[in-house]
Amino acid sequence: MSDTIHTVVDALKHRARLQPSGAAFIFRDPTGDRRHVQTFRDVYRLGRRCASVLRRSGLVERGRGDLVANALPNCPERVVAEAGVLLTGAATVNAQCLLADGSDLLATLRNSRARAVLVAPGVEHSPWLTLRKHVTTAPTTTRGVSSASDESEVAVVLDVVSSEELPDLKKVLLVRRGPPGSAEDFLSMLEAEEEEEEGDVVAEEDVCSVFTTSGSSGFSKLVAHTHRGLVHAVLRVNPVYEGLTGKQVEFSMAPLGWMGGYVGNTILTGSTRVLADTHDGLPKDLIGFILRAFQEEGVATTFIPCPQAACTALQVLDRVTLGGQPITRSHVQMASKLARAVFLLYGSTETFLLASHTVPDPDSFQDFDCGEVVRGGEVRVVSPGGDESTPLPPGQSGMLLVRREVMMKEYFHDPQATRAAFTADGFFRTGDIGRVDAARGHVFVEGRGSDAIMRGPYIFYPGWLEERIRACPGVRDAMVVGVPDPLAHEELCACVTLAPGGQVTMQEVQEFVERDVAPASEEEEPLSPRPRHYLTFDAFPTTSTGKPHRSVVKRQATARLSSASSDDLN
C-alpha cells in the first residue's frame, strides 16, 4: 500500500477505508479508568468536520500555504485538530509554552508567521493564559461557529483584533472540553457539523508539518517537513515499522507535536497507539500508569528514552526501542528486563532516522553503538573545525555529518540557518560527536559537540537560561552545564557566582529561576528546563583569552556532585 500513498492525507483516507473500525489512538485517563478510543474512521470523519470549521471561520484562508499552530496537549482533540488542518491542505506547527513569560510560545508564533493558533483554555497552565496577554481578541461573527458575546461563554473562534508582537496571527480556536453532548464540548460540536467537500489536492512537496527542535525550550528551530519526506521516512526506510505495519500496539508518552510522537506516524503505519490523555495533567504514578497500560491494552512495543519502568517489569513486551540520547550498556540491560528484544535508533528532527539495530546480547553491548546506517544514508566523521570534505579514519571520533535522500525541507523562514546547517556537498551538520566502527561500519554517537545539553531525548541550549539566572538580584554570573546522569545521560546544573557582599542564598536563586518557568514538577514534565542541581563558585575558570572555560566548569561541577553523592552513601 505504501506505493499508493504519497501524502499523509492519502494515508488518512486509506486507513479510514481499509481499517474503519481499527483503533488508531487509545487515550487513557491518567487519574482513573476511562478510555477514549479513536478509530481511523473517527479521525477522518471528525477531521473533515473540523476542516469545515477551520475553513468557514477563516482559521485557514487559502489551504495550501497556510500554517496553523497547535498548542493542545496530548488528547483526542489534538488528533482531530491535526487531521482537520491536514484535510484543508494547510500545515501545522508545534507550539509549546514552558516558560512563565511565554517567550518560547511567542517566538514560535512570531517566527513561523502562523495565521491561527489552537489552544485549550480549560487546561491547567494553558498557553492561552499567557497568549491572551499579548493579543486583543473578539468573538468571531461567523455563522454557526460561535454565538457567544464573550469568550468566557462558549466562543469557539476569536478574531485577533490587534497584536504588536504577532502581526501575522489572525485567529484563535478555543478547543474546550465539556460534558459529552454539551455546547462547550469541542468534539460534540464537531458531531453536529456537516462535512464539506474536501479542499485542494495536497502535493507531495507541500509542507505537511513544522516541528520544533526537541527541548531547546525558548530557542527552538522550526523544522519544515514535506508530505513526501514524512511518507518516505516512515514507510519506506524506517526498520522500526518493517513487518509491523497495521499490526502493532505501541505505547508512547512522546508529545504528539514532537517528531517521535507525531500523529502522522500512526496514520501512516496503521498501528494502534496507546498514550495518556494529558488534557487534565500527567499521571501521578507514571511508572504504574505505564505498566497498567502495557498489561490492559496488550502493548507489544514502546519507545522510551530511558527504561525507568524496566526496574519493575519482566519482559512484558515484544520489543522496546531506545534512542534520543547516547545509549550505554546499563540502559540496554534495563530495557532487556522490559522486553524480549531491544531496538536502538539514532536520528534527528532534521534528518529522520539515520542508524538502527537490534541488540543481540545486552551484556556484551558496546556503549554508544547505534548500529548500521539506514539504506540510502551516509555518515562522514570529520575533525571539528577542520576540512569537512575529508573524513577521519574509521574508529576515530569527530563531528558527525550525515546525508540521505530525504531530509528536512528547511528551517522555516530562516534561509541563513538552513544554509549554515549543510556543507557544500549536502551533508547535514548534526552537532554530534561520534565515530564509525571499522569492523562492522556501526555508528557510535558519544554526545554533543556544542554547549547543548542532552537530557534524555531533549536538547537544551543554556544561553537563555543563563541570562535569566543572571537577572536574579545578588547573582554576578551564571553558567548552565550538563552533568552525567545514569538514566538521562545529562542533567542541568546551574553554576553561579555571587556578587560581592550579596546576601542571596542558593535556595532564593532556585526559587527565582523556577518562577520564570511554567509550573510543573520534575517528575511530571520531562521538557521542563529547570536545573536539577545548583552550585556556587567563587569564580569561573577562564580560557587563555579570558572567557569562562565551560568544559572546566562542567568537569569541576561533575566532580563536586560525584563527591557529594559518595559522602551521602558513606
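Numbering of residues starts from 1 in each chain and follows the order in which that chain's sequence is written. Given that this is a predicted model, residues contribute local features only at a pLDDT of at least 70 and side-chain atom pairs are listed and counted only at 80 or more, while totals for whole chains, interfaces and linings are drawn from all residues. Working from all heavy atoms in the structure, the side-chain values ignore hydrogens and water.

1. Things to note about the packing of aromatic side chains
And then number 1: Geometry of aromatic contacts follows a simple scheme: Phe, Tyr and Trp rings, the Trp one being its six-membered ring, pair when their centres are within 6.5 Å, and the pair is stacked under 30 degrees between planes, edge-to-face over 60, tilted otherwise. On inspection of all chains with the given rule, the structure shows 6 aromatic pairs.
And then number 2: Ring geometry for Phe211 against Tyr262: centres 5.2 Å apart, planes inclined by 85°, an arrangement best described as edge-to-face. A residue pair is termed long-range when its members are at least 10 positions apart, and Phe211 in strand 9 (residues 207–212) and Tyr262 in the loop between strand 11 (249–251) and helix 8 (263–269) qualify at 51 residues. Across this residue pair, the class does not change: Phe211 and Tyr262 are buried.
And then number 3: By the ring-pair criterion, three or more aromatic residues cluster together here, those being Phe251, Phe289 and Phe294.
And then number 4: Here Arg435 stacks its cationic end above the ring of Phe444, 4.2 Å away from the centre of that ring. Secondary structure elements are taken from DSSP: a helix is a run of H or I of four residues or more, a strand is a run of E of two residues or more, and numbering for both begins at the N terminus. Throughout, exposure labels follow a simple rule: accessible area from a 1.4 Å probe, protein chains only, divided by the maximum for the residue type, with under 20% read as buried, over 50% as exposed, and the rest as partly exposed. Either the NZ atom of lysine or the CZ atom of arginine qualifies as a charge over a ring when it sits within 6 Å of the ring centre and within 35 degrees of the ring normal.

2. Overview of the packing of helix 1 (residues 8–18) against helix 2 (residues 40–56)
Packed helices, taken two at a time, are described by the angle their axes make and the gap between the axes.
And then number 1: It is at 8 Å that the axes of helix 1 and helix 2 come closest, and there the two elements cross at 125°. With respect to helix 2, the axis of helix 1 lies oblique. Viewed along their axes, helix 1 and helix 2 form a crossing whose handedness is left-handed. Counting all contacts with helix 1, which are made through Leu12, Lys13, Arg15 and Ala16, the residues of helix 2 involved are Phe40, Arg41, Val43 and Tyr44.
And then number 2: Grouping the constituent residues of the contact of helix 1 with helix 2 by class yields 5 nonpolar, no polar and 3 charged. Whenever a helix is involved, its axis is fitted only over the stretch in contact; in every case the axis is a line through C-alpha atoms, and angles between N-to-C directions fall within 0 to 180 degrees. Note on angle classes: values under 35 degrees are labelled roughly parallel, values over 145 roughly antiparallel, values of 65 to 115 roughly perpendicular, and the remainder oblique. Left-handed describes a crossing in which the near helix is turned anticlockwise from the far one by less than a right angle; the clockwise case is right-handed. Should any heavy atoms of two residues lie within 4.5 Å, those residues are counted as being in contact. The nonpolar class holds Ala, Val, Leu, Ile, Met, Phe, Trp, Tyr, Cys and Pro. Asp, Glu, Lys and Arg form the charged class, and all remaining residues, Gly among them, are polar.

3. Structural notes on the pattern of salt bridges
Between side chains of opposite charge, pairing is possible as soon as their charged atoms come close.
And then number 1: Here, a salt bridge means any side-chain nitrogen of Lys or Arg that lies within 4 Å of a carboxyl oxygen of Asp or Glu. Evaluation of the coordinates by the stated rule reveals 31 salt bridges.
And then number 2: Glu61 is the salt-bridge partner of Arg115, the closest N and O atoms lying 3.5 Å from each other. Separated by 54 residues along the polypeptide, Arg115 in the loop between helix 4 (103–112) and strand 5 (116–119) and Glu61 in the loop between helix 2 and strand 3 (67–70) bring together distant segments of the chain.
And then number 3: Residue class for Glu61 comes out exposed when judged on its relative accessible area of 57%.
And then number 4: The salt bridge partner of Arg177 is Glu77, with a shortest N-O separation of 2.9 Å.

4. Re the confidence of the model for the protein chain
And then number 1: On a scale of 0 to 100, pLDDT captures the predictor's confidence in every residue. Within the protein chain, residue pLDDT values average 85, and 87% of them lie at 70 or more.
And then number 2: Note on residues 520–524: pLDDT under 50 across the span, and 7 contacts to partners over four residues away in sequence or across chains.

5. Observations regarding helix 4
And then number 1: Burial analysis of helix 4 places 7 of its 10 residues in the buried class, which makes it a mostly covered element.
And then number 2: Residues of helix 4 that are buried: Asp104, Leu105, Leu106, Ala107, Thr108, Leu109 and Ser112.
And then number 3: Those residues of helix 4 that are buried lie in contact with strand 3, strand 4 (91–94), strand 5, helix 5 (127–131), strand 9 and strand 10 (222–226).
And then number 4: Arg113 sits one or two positions beyond helix 4 and adopts a positive phi of about 60°.

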